[in-house]
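So you can see what is in the structure, the chains are spelled out below.
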Amino acid sequence: MPSGLVLIDKQQGWTSHDVVAKLRGILGTRKIGHAGTLDPMATGLLVLGVDAGTKLLQFISGSDKQYLATIRLGEATHTDDAEGEVVFQKSATGITAKDVDAEIVKLTGDISQTPSSVSAIKVDGKRAYDLVREGKEVELKSRPVTIHEFARTSELRNVGECVEFDVLVNCSSGTYVRALARDIGKALGVGGHLTMLRRTMIDGFDVSN
């Protein structure tokens, strides 16, 4: 069985564990890991290690990552993405591109970010998302992250009483892009969440490969 790294373009609806399980069946080995989870809603690059290649993942998982995303303002969800239940709504039709860009600037560079409550972070030995599913309140501590580049790449689009726009994010490991959407919506007083997330790069690995 060959060892090494495998680059996968994960499709929407699959968990990262689903991809690992599928590859285990294809390659006939249990020793497979990945360098950074992607939510089921997200698509894009998963770097997997096979057999001895799993030893390389420790050098990749903490690397910078690049994402393409779509942010919707006017609705907040309990997961900070489109898979969650809407918990707050307010018309965002009065929000301008200038308003959005001003908040993007504030979230660029070295920032303190509170991760989304529905995340894989462990709280007292249990995953935060499991606690939320059990109906428990989860408060995660803020952590330092670095947003190397945060740029709006489209005009604002009206979606009913909401507005959407596309962004490019280059960030340090541990950054939650959906938390960026949440924080922009919160700062503008209308709520916000992600409707699309695609990881395009991890360190020097590109999803096009």
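Keep in mind it's a predicted model, so treat the numbers as computed, not measured.

(A) Summary view of the overall build of the protein chain. Within the protein chain, the regular secondary structure consists of 5 helices and 14 strands. In the protein chain, which comprises 209 residues, the share counted as buried stands at 47%. For the protein chain, long-range pairs separated by at least 24 residues make up 70% of all intrachain contacts whose partners lie at least 6 apart in sequence. If you sum the accessible surface of the protein chain, you get close to 10500 Å²; carbon and sulfur atoms cover 50% of it.

(B) Geometry of helix α3 (residues 97-106). Buried within α3 we find V100, E103 and I104. Summarising the axial view, the buried residues of α3 lie within an arc of 105 degrees, below the 170-degree limit, and thus occupy one face. Turned more than 90 degrees away from the buried face of α3 sit K98, V105 and K106, all of them exposed. The inward-facing, buried residues of α3 abut β4 (65-73), β10 (143-152), β12 (162-171) and α5 (177-187).

(C) Quick look at the side chain of S63. Counting through the fold element by element, S63 comes out in the loop between α2 (57-60) and β4. In this structure S63 touches S173, I202 and D203, once residues within four positions along its chain are discounted.

(D) Focus on the environment of N158. By the element assignment, N158 lies in strand β11 (residues 157-159). The exposed category is assigned to N158, whose relative accessible area is 61%. Along the chain, N158 and L73 lie 85 residues apart, while their C-alpha atoms are 9.7 Å from each other.

(E) Fine view of the side chain of R199. Residue placement: R199 occurs in strand β13 (residues 192-202). For the buried R199, which has no salt bridge, the nearest side chain bearing the opposite charge is D39, at an N-O separation of 9.0 Å. Within the structure, the side chain of R199 is placed 2.9 Å from the backbone oxygen of G36, a separation counted as a polar contact. At 3.5 Å, the side chain of R199 forms a polar contact with the side chain of Y67. Setting aside anything within four residues of it in sequence, one finds R199 in contact with A35, G36, T37, L38, T43, G44, L45, L46, K65, Q66, Y67 and V207.

(F) Summary view of α5. Within α5, 8 of the 11 residues are buried, which leaves the element mostly enclosed by the surrounding structure. On its buried side, α5 packs onto β4, α3, β7 (109-113), β10, β12 and β13. The first or second residue beyond α5 is G189, which carries a positive phi of 75 degrees.

(G) Structural context of a nonpolar patch on the surface. Taken together, L5, L56 and F59 make up a surface patch of nonpolar side chains, about 280 Å² in accessible area. You can see L56 is positioned in the loop between β3 (43-50) and α2. Since its relative accessible area comes to 39%, L56 is described here as partly exposed.

(H) Summary view of the environment of T200. One can find T200 in strand β13. Taking the C-alpha atoms as reference, T200 lies 8.9 Å from D9; in sequence the two are 191 residues apart. Aside from chain neighbours lying at most four places away, what touches T200 is L45, Q66, Y67, L68, F205, D206 and V207. Engagement of the side chain of T200 in a polar contact is seen with the side chain of Q66, the distance being 2.8 Å.

(I) Local environment of unusual backbone geometry. Within the chain, D51 stands out as a residue other than glycine whose phi angle is a positive 50 degrees. By the element assignment, D51 lies in the loop between β3 and α2. On the basis of relative accessible area, D51 is assigned to the buried category, the value being 15%. Phi at D203 is positive, roughly 55 degrees, even though this residue is not glycine. Along the chain, D203 turns up in the loop between β13 and β14 (205-206).

How each quantity is defined
- Residues numbered from 1 in each chain as written.
- Predicted model: local features only at pLDDT ≥ 70, side-chain atom pairs only at ≥ 80, totals over all residues.
- Heavy atoms only, no water.
- Helix = DSSP H or I, 4+ residues; strand = E, 2+ residues; numbered from the N terminus.
- Buried < 20%, exposed > 50% of the residue type's maximum accessible area, 1.4 Å probe, protein only.
- Contact = heavy atoms within 4.5 Å.
- Areas by Shrake-Rupley, 256 points an atom, 1.4 Å probe, with all protein chains shown as cover.
- Arc of directions from axis to C-beta.
- Lys, Arg positive; Asp, Glu negative; His and termini not counted.
- Salt bridge = Lys/Arg side-chain N within 4 Å of Asp/Glu carboxyl O.
- Polar contact = N/O pair within 3.5 Å; in protein donor to acceptor, adjacent residues only side chain to side chain.
- Patch = residues over 30% accessible without salt bridge, like charges linked within 9 Å, V, L, I, M, F, W, Y side chains within 5 Å.

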